[in-house]
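Residues per chain are reported as follows:
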Amino acid sequence: MDSEHDPSSKTQPKRHKCSACFKQFKRKDHLVEHMKISYHSHHQPKCGLCRKHCKCFQSLREHLTGKLPSSSCSKIFADRGCDLCLDLFDNADDLSKHREKCSFSPPTPLATKLVASSPDVLMGYFGGKGIGEGVKAIAIDCEMVGGGNDGTTDLCGQVCLVDEDENIIFHTYVQPQFPVTDYRSEVTGLTEEHLKDGMPLKQVQEIISDILYNGESVGKARSDGGKARLLVGHSLDHDLDCLRISYPPNLLRDTAKYRPLMKTNLVSYSLKYLTHTYLGYEIQTGEHDPYEDCVSVMRLYKRIRSLDHYQVEQQVKTMIQRRRDGYFSWKLKELEAMSPEELYQISESSYRCWCLDLGSSSSS
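The rules we used
Residues numbered from 1 in each chain as written. Predicted model: local features only at pLDDT ≥ 70, side-chain atom pairs only at ≥ 80, totals over all residues. Heavy atoms only, no water. Salt bridge = Lys/Arg side-chain N within 4 Å of Asp/Glu carboxyl O. Helix = DSSP H or I, 4+ residues; strand = E, 2+ residues; numbered from the N terminus. Buried < 20%, exposed > 50% of the residue type's maximum accessible area, 1.4 Å probe, protein only. UniProt positions renumbered as here; feature names shortened; annotations may be inferred. Arc of directions from axis to C-beta. Contact = heavy atoms within 4.5 Å. Polar contact = N/O pair within 3.5 Å; in protein donor to acceptor, adjacent residues only side chain to side chain. Pairing = 2+ DSSP bridges. Right-handed = clockwise from strand over helix to strand, strands pointing away. Core = buried A, V, L, I, M, F, W, Y, C linked by side-chain atoms within 4.5 Å. Phe/Tyr/Trp six-rings, centres within 6.5 Å; stacked < 30°, edge-to-face > 60°. pLDDT = per-residue confidence, 0-100.

Let us look at the pattern of salt bridges. This model, assessed by the stated rule, comprises eleven salt bridges. Here glutamate 206 ties to lysine 202 by a salt bridge, and the two come within 3.9 Å at their closest N and O atoms. Highlighted residues: glutamate 206 and lysine 202, both in helix α8 (residues 201-213), separated by four residues, approximately one helical turn. Judged by its relative accessible area of 42%, glutamate 206 falls in the partly exposed class. Aspartate 357 is the salt-bridge partner of arginine 352, the closest N and O atoms lying 2.8 Å from each other. Among the charged side chains, a network of salt bridges with common partners joins Arg253, Arg352 and Asp357.

Per the UniProt record, "domain: C2H2-type" (unreviewed entry) is annotated on residues 16-45. Taken end to end, residues 16-45 is 37% helix and 13% strand, and its first and last C-alpha atoms sit 22 Å apart.

What follows is about helix α4 (residues 92-102). Every buried residue of α4 is accounted for by Leu95, His98 and Cys102. For α4, the arc enclosing every buried residue in end-on projection is 65 degrees, short of the 170-degree limit, so these residues lie on one face. Pointing more than 90 degrees away from the buried face of α4 are the exposed residues Asp93, Lys97 and Glu100. Looking at the packing, one finds that the buried side of α4 touches α3 (71-80) and α12 (290-305). Where α4 starts, the residue carrying a side-chain oxygen 3.1 Å from the main-chain nitrogen of aspartate 93 turns out to be asparagine 91.

Time to look at the pairing of strand β8 (residues 230-233). Alternating positions in β8 separate into two faces, Leu230 and Val232 on one and Leu231 and Gly233 on the other, with burial throughout. Bridge count between strand β4 (residues 137-147) and β8: three bridges; the pairing is parallel. Within β8, the position partnered with alanine 137 by the bridge is leucine 230. Sheet topology note: the β8/strand β9 (residues 252-254) ladder contains three bridges and is parallel. When the bridges of β9 are listed, leucine 231 appears paired with leucine 252. For the crossover from β8 across helix α10 (residues 236-243) to β9, the handedness is right-handed.

Structurally, the position occupied by histidine 234 is in the loop between β8 and α10. It is 5.1 Å that separates the C-alpha atoms of histidine 234 and threonine 255, two residues lying 21 residues apart in sequence. Discounting residues that sit within four places of it in the chain, histidine 234 has contacts with Asp239, Asp254, Thr255, Ala256, Tyr269, Ser270, Leu271, Leu274 and Val297. A polar side-chain atom of histidine 234 sits 2.7 Å from a polar atom in the side chain of threonine 255. Polar contacts involving the side chain of histidine 234 include one to the main-chain carbonyl oxygen of tyrosine 269, which spans 3.2 Å.

By size, the foremost hydrophobic cluster in this structure holds 70 residues, and its most contacted members are Val159, Leu161, Phe170, Ile208, Leu243 and Tyr247. With eight residues, the single largest contributor to this core is α12. Among the nonpolar cores identified, the runner-up in size contains 14 residues, and Cys18, Phe25, Tyr327 and Leu335 belong to it.

Turning next to the pairing of β4. Taking burial as the measure, the eleven residues of β4 include eleven buried ones, the bulk of the element. Pairing analysis gives two bridges linking β4 to strand β7 (residues 180-182), with the strands arranged antiparallel. Pairing of glycine 147 across the sheet is with valine 180, part of β7.

The next thing to look at is the packing of aromatic side chains. For the structure shown, the criterion picks out six aromatic pairs. With centroids separated by 5.6 Å and ring planes inclined at 85 degrees, the aromatic side chains of tyrosine 258 and tyrosine 351 adopt a geometry described as edge-to-face. Taken together, the positions of tyrosine 258 in the loop between β9 and α11 (271-278) and tyrosine 351 in the segment after α15 (340-345) put the pair 93 residues apart, joining distant regions of the chain. On the accessibility criterion, tyrosine 351 (15% relative accessible area) is buried. For the ring pair tyrosine 269 and tyrosine 273, a centre distance of 4.3 Å and an interplane angle of 15 degrees mean the geometry is stacked. On the basis of relative accessibility, which here comes to 26%, the residue tyrosine 273 falls in the partly exposed class.

Quick look at α10 now. Those residues of α10 that fall on the buried side of the exposure criterion are Leu236, Asp239, Leu240, Cys242 and Leu243. Along the axis of α10, the buried residues cluster in a sector spanning 165 degrees; they form a single face. Residues of α10 that are buried in the fold lie against β4, β5 (153-162), α8, β8 and β9. Looking one or two residues beyond α10, the residue adopting positive phi is arginine 244, at roughly 60 degrees.

Let us now look at the confidence of the model for the chain. In this model, the chain carries an average pLDDT of 87, and 85% of its residues clear a pLDDT of 70 or more. For residues 118-125, every residue scores under 50 in pLDDT, and the model assigns this stretch 16 contacts once sequence neighbours within four places are set aside. The low-confidence segment residues 318-324 (pLDDT under 50) makes eight contacts with residues lying over four places distant or belonging to another chain.

Next up, the structure:
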């Protein structure tokens, strides 16, 4: 057959494929624009099989196990993949051993924990003087009661802080500054009896600030963190507002606002959902337990922090040796001359990955 009339002999138009998410473009400048707004990086969740990058863990989960998963990846993942951390293993035995460590048991209830820690169970417990120098992160959770005519004004009624080893650093009931019109007992478990002899809010603020700043000045904490500790929580703005405490944004680690733990449209998941999906147990099945919530956010934070992106980050920095202006330090013609992989190598994340907390300053 004459090749002139053979459809298969026609030259196919060249497609420019993103090496991170695999989207294809007819023109190279379209790929460049895609890379500029996608912020692909080695910090993004990625498939252990095809290496496709996803905006969030939920998107990766859909890729592996969703309603329309990747057929080639989903089949292998079903046999050798962990449905909690989404990691892939060489064989079923390795997966089985991993699951024993990856799936957590629910934390001990707060009341039981306090009985073992302090005789002052009803009023509170402060173990702040025993905090070791090595404690870099503290988790916090508050339970709110309602004030105002309709009970919708949030007032802090209980606060709990734990360290990275799930030890209670501070716990107390809090004297409300305004009359309580709704104790929200079905959720908080709090009653008038709990709060009547609670700690004054001003004293609570002083103790929490002392624990978090760890002797560091506010200015130093805001610039590079210094000795100040990271504060871990879920919807931290809400807790800090009710406590009337401000803390440097560079030291906040919020599971409600961390992009890989959010939906693709940047809507937050509940802590209840995140705990079930990534840690493998249920919380908030009845009255909320602040210790349970503290432990859950700390476990989520430590799971993300343990990801091994940091070494890759250092290798990429050494290899590129470019100032950190991303694509804006390059001319368009220079970018169009790069391969898709080279474009990916100079792409930078739009968020600060928590894995960097183990290898660099908390504010970098």
